[in-house]
Amino acid sequence: MTKLFEPIGCRVDLSTGAMGNATGSYQKRFRDLDGLYEDAAAFEAMRGEWGDRIVYEVSEFRPREAAGDLIFGVTRMLPGKVGDEYFMTRGHIHKQADRPEIYYGQKGEGLMLMESPEGETRVVEVGEQTVCYVPPYWIHRSVNVGDSELVMLFCYPADSGQDYAIIANAGGMRSRIVATGDGGWKQVDNARWQARDAATLAGIYAQPTTGKAA
């Protein structure tokens, strides 16, 4: 007989971004984000004050990693910029690239920066009470464009996995999100970005659609 997983409730504290009954958590400190931002000099200038500070942290509930289940959690990100570029997460595509993801804005002002494997870009604003759907095969990264903490709930299939190298191997995402100087933001080209070759694209789209992620 199949043993059923126990139902559970997880309360979110919007003041801290913490989620009760989480099975795990991780943090990214400023020093961990070296190489993400275009203005390397500005990053180095901030390292003394910011180096050990947590830029974003994740609390998650991970019942298991098998197909048919869900992983969910909460991301909390501080406001800030490196040069003109807003604080952001490392970003990823799912190892099982045909797996989607949902984000729900609970506090603050954010963006979901998305990129297709071929390099098309999309930006979805994620404010409070906003649901953002990230379709299969899209690389995605969260950006805090507000002046307060950004808190978002996320949920994705348990066998999705994450691949962070796809961004690093291309020199970053094709677009960057920078401040306009009047309190707004704009999307600009990333001069370091390199298009993925045909073999890489074929590998992304040829992945199996069932089973546990590697």
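The structure presented is a predicted model; accordingly, all values stated were derived computationally and were not measured.

Quick notes on the rules
Residues numbered from 1 in each chain as written. Predicted model: local features only at pLDDT ≥ 70, side-chain atom pairs only at ≥ 80, totals over all residues. Heavy atoms only, no water. Helix = DSSP H or I, 4+ residues; strand = E, 2+ residues; numbered from the N terminus. Rg over C-alpha atoms; globule rule 2.2 N^0.38 Å. Buried < 20%, exposed > 50% of the residue type's maximum accessible area, 1.4 Å probe, protein only. Contact = heavy atoms within 4.5 Å. Areas by Shrake-Rupley, 256 points an atom, 1.4 Å probe, with all protein chains shown as cover. Lys, Arg positive; Asp, Glu negative; His and termini not counted. Charge placed at Lys NZ, Arg CZ, Asp CG, Glu CD. Patch = residues over 30% accessible without salt bridge, like charges linked within 9 Å, V, L, I, M, F, W, Y side chains within 5 Å. Salt bridge = Lys/Arg side-chain N within 4 Å of Asp/Glu carboxyl O. Pairing = 2+ DSSP bridges. Axes fitted to C-alpha atoms, helices over the stretch in contact; angles between N-to-C directions.

Okay, the overall build of the protein chain next. Broken down by element type, the protein chain carries three helices and 15 strands. Expected size for 214 residues packed as a compact globule is a radius of gyration near 17 Å; at 17 Å, the protein chain falls within 12% of this value. If one aligns the C-alpha atoms of the protein chain with their principal axes, the spans along those axes are about 60 × 45 × 30 Å. When burial is assessed residue by residue, the protein chain has 45% of its 214 residues classed as buried. Long-range pairs, those at least 24 residues apart, make up 70% of the contacts in the protein chain with a sequence separation of at least 6. Summing over all exposed atoms, the protein chain offers an accessible surface of approximately 10,700 Å²; the carbon and sulfur share of this is 50%. With 23 positive and 30 negative side-chain charges, the protein chain shows a spacing of 4 Å between the two charge centroids.

Moving on, we come to a nonpolar patch on the surface. On the surface, Ile-102, Val-131 and Tyr-133 cluster together into a nonpolar patch covering about 280 Å² of accessible area. Structurally, Val-131 is set in strand β11 (residues 130-134).

Our next topic: the sheet that holds strand β3 (residues 24-29). With antiparallel pairing, the six strands of this open sheet are ordered in space as β3-β4-β5-β13-β8-β11. With one partner strand each, in any of the chains shown, β3 and β11 form the two edges of the open sheet. Averaged over all pairs of adjacent strands, the angle between their axes in this sheet comes to 20 degrees, without regard to strand direction. Relative to strand β4 (residues 54-61), β3 runs antiparallel, the two sharing six bridges. Bridging across to β4, Gly-24 finds its partner in Glu-60.

A few words on the environment of Arg-90. Note on placement: Arg-90 falls in the loop between β7 (85-86) and β8 (101-107). What makes Arg-90 partly exposed here is its relative accessible area of 28%. On a C-alpha basis, the gap between Arg-90 and Ile-54 in space is 14 Å, while along the polypeptide they are 36 residues apart. Sequence-distant contacts of Arg-90, defined by excluding residues within four places in its chain, comprise Lys-28, Leu-33, Leu-36, Tyr-56, Arg-141, Tyr-164 and Ile-167.

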